[in-house]
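# Summary of the model geometry
Here are the chains, one letter per residue:
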Amino acid sequence: MEANPCHIQVNTEVAVPSKVGRKSASDRTLVEVGKVQIGGSAIVVIAGPCAVENEKQLYITANSVKEYGAKILRGGAFKPRSSPYKFQGLGEEGLKLLGLIRKLTGLPIVTEVMDTRQIELVAGYADMIQIGSRNMQNYPLLKEAGMSHKPVLLKRGMMATIEEFLLAAEYILNQGNNQVVLCERGIRTFETSTRNTLDLSAVPMLKQLSNLPVIVDPSHGTGLRWMVPAMAKAAIAAGADGLIMEVHYKPEEALCDGQQSIDTGEFGLLMKELKRIAEAVDRSIA
Ligand code: PEP
Ligand code: MN
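Structure report, in brief. Throughout this description, residue numbers start from 1 for each chain and increase along the sequence as written. The order in which chains are written sets their letters, starting at A; the order in which ligands are written sets their numbers, starting at 1. It should be noted that, the model being predicted, local features are given only for residues of pLDDT at least 70 and side-chain atom pairs only at 80 or more, the latter also being counted only at that level, while totals for whole chains, interfaces and linings use all residues. To get the side-chain values, take all heavy atoms of the structure and skip hydrogens and water.

For the rest of this paragraph, the subject is the packing of helix α4 (residues 139–147) against helix α5 (residues 162–173). Angular values range over 0 to 180 degrees, each being the angle between N-to-C directions of two axes fitted as lines to C-alpha atoms, with helices fitted over their stretch in contact. In this description a helix means any DSSP run of H or I spanning at least four residues, a strand means any run of E spanning at least two, and both kinds are numbered starting from the N terminus. Between α4 and α5, whose axes approach to 7 Å, the crossing angle comes to 45 degrees. With respect to their mutual orientation, α4 and α5 come out oblique. Residues Tyr139, Leu142, Lys143, Ala145 and Gly146 of α4 pack against Ala168, Tyr171 and Ile172 of α5. For the contact of α4 with α5, a count of residues per class yields 6 nonpolar, 1 polar and 1 charged. Angles below 35 degrees are treated as roughly parallel, those above 145 as roughly antiparallel, those between 65 and 115 as roughly perpendicular, and all remaining angles as oblique. Only heavy atoms matter for contacts: two residues are in contact if any of them lie within 4.5 Å across the pair. The classification used treats Ala, Val, Leu, Ile, Met, Phe, Trp, Tyr, Cys and Pro as nonpolar, Asp, Glu, Lys and Arg as charged, and all other residues, Gly among them, as polar.

In structure tokens:
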């Protein structure tokens, strides 16, 4: 299944750090989130709202995405908002709601941590901790996440090169935690028609250079609800091991990132299409 047999002689200038580096064609780390494995041949879909807003929102959205095949629930309790005047997330109350919905649906949870002082608290509720784009180079946070025994979803910094991204992951591995998933979520370019420029070439590059699983976030990658399905499909075609997508039962009413959230019906339709794309590249949807 390896497209390029020359796994070592990659024609790129990237200096790959040793622990995240891929030593042979079969050197692939499997990351386990609850009973879900990321990095195998089955593609894992993570879905849920940008932010946890209330019990009803989380319950309805979680149940729908589960029914349509999502394997992990996302939802931010601590939100890194560009404006200090916008909804910052429910904090610990949001974590408690995630814990409740996890119990009701059986879905494992991924949620963001922004501060080293919150790691213990967040790790107490989450099955996987997310380090967001804005914190990819927060080295104390990376180290602290490495010391926790939770799998980590590391999002690419919006201004980070592939080399910087891999070095950030290496900080986590250096603490003895190799359960790291890399997430391409778009980078800043001169283009303004989309929120970010989703760098899908990062997928084959990261998979070539690193042993870690690679997933794609087409929601933040485009910032546009209507564009999410096309880029989700493209990500799978490019070799992604999973997707993380923002889904809300009423995107028009979302307190955060509604403009890039698909609704549950759209998610259901997309999952059917993703299945066909996965089969076309000899994979399946978990
Ligand atoms: C998010 O996943 O809600 C988020 C804030 O993502 P990013 O860090 O990629 O902007
Ligand atoms: Mn968001």
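This part covers the side chain of threonine 264. Tracing the chain through its elements places threonine 264 in helix α9 (residues 264–280). Accessible area is worked out with a 1.4 Å probe on protein chains only. A residue is then buried under 20% of its type maximum, exposed over 50%, and partly exposed in between. The exposure class assigned to threonine 264 is buried, which follows from its relative accessible area of 16%. Threonine 264 has contacts with Thr61, Ser64, Tyr68, Val247, His248 and Tyr249, leaving out every residue within four places of it along the chain.

Turning our attention to the pairing of strand β8 (residues 180–184). Counting buried residues in β8 gives 5 out of 5 residues, a clear majority hidden from the surface. Taking every second residue as pointing to the same face, both faces of β8 are buried, with Val180, Leu182 and Glu184 on one and Val181 and Cys183 on the other. What makes two strands pair is DSSP finding at least two bridges between them. Of the strand pairs in this sheet, strand β7 (residues 152–155) and β8 are connected by 4 bridges, and their pairing is parallel. In the sheet register, lysine 155 faces β8, and the bridge partner there is cysteine 183. Sheet topology places β8 next to strand β9 (residues 214–216); 3 bridges connect them, and they run parallel. Across the sheet, residue cysteine 183 finds its bridge partner in β9, namely isoleucine 215. When the strands point away from the viewer, a crossover counts as right-handed if the path from the first strand over the helix to the second runs clockwise. Between the parallel pair β8 and β9, the chain is carried across by helix α6 (residues 202–209), and the sense of this crossover is right-handed.

When we say a residue is near a molecule or strand, we mean one of its heavy atoms is within 4 Å of it. Around ligand 1 sit 13 residues, and of these Arg74, Lys79, Ser133, Lys155 and Arg185 come closest. Between ligand 1 and the protein, one listed contact pairs an oxygen atom with a side-chain N or O atom of lysine 79 at 2.8 Å. Identification of polar contacts relies on pairs of N or O atoms within 3.5 Å, with a donor-acceptor requirement for protein atoms, meaning one able to donate a hydrogen and the other able to accept it, and with residues adjacent in sequence counted only if both atoms are side-chain atoms. Here an oxygen atom of ligand 1 and a backbone polar atom of serine 133 are 2.7 Å apart. Computed with the Shrake-Rupley method and a 1.4 Å probe, the accessible areas treat only the protein chains shown as cover for residues. Against a free-state accessible area of 290 Å², the protein chains account for coverage of 97% of ligand 1. Broken down by class, the residue content of the shell around ligand 1 amounts to 2 nonpolar, 4 polar and 7 charged.

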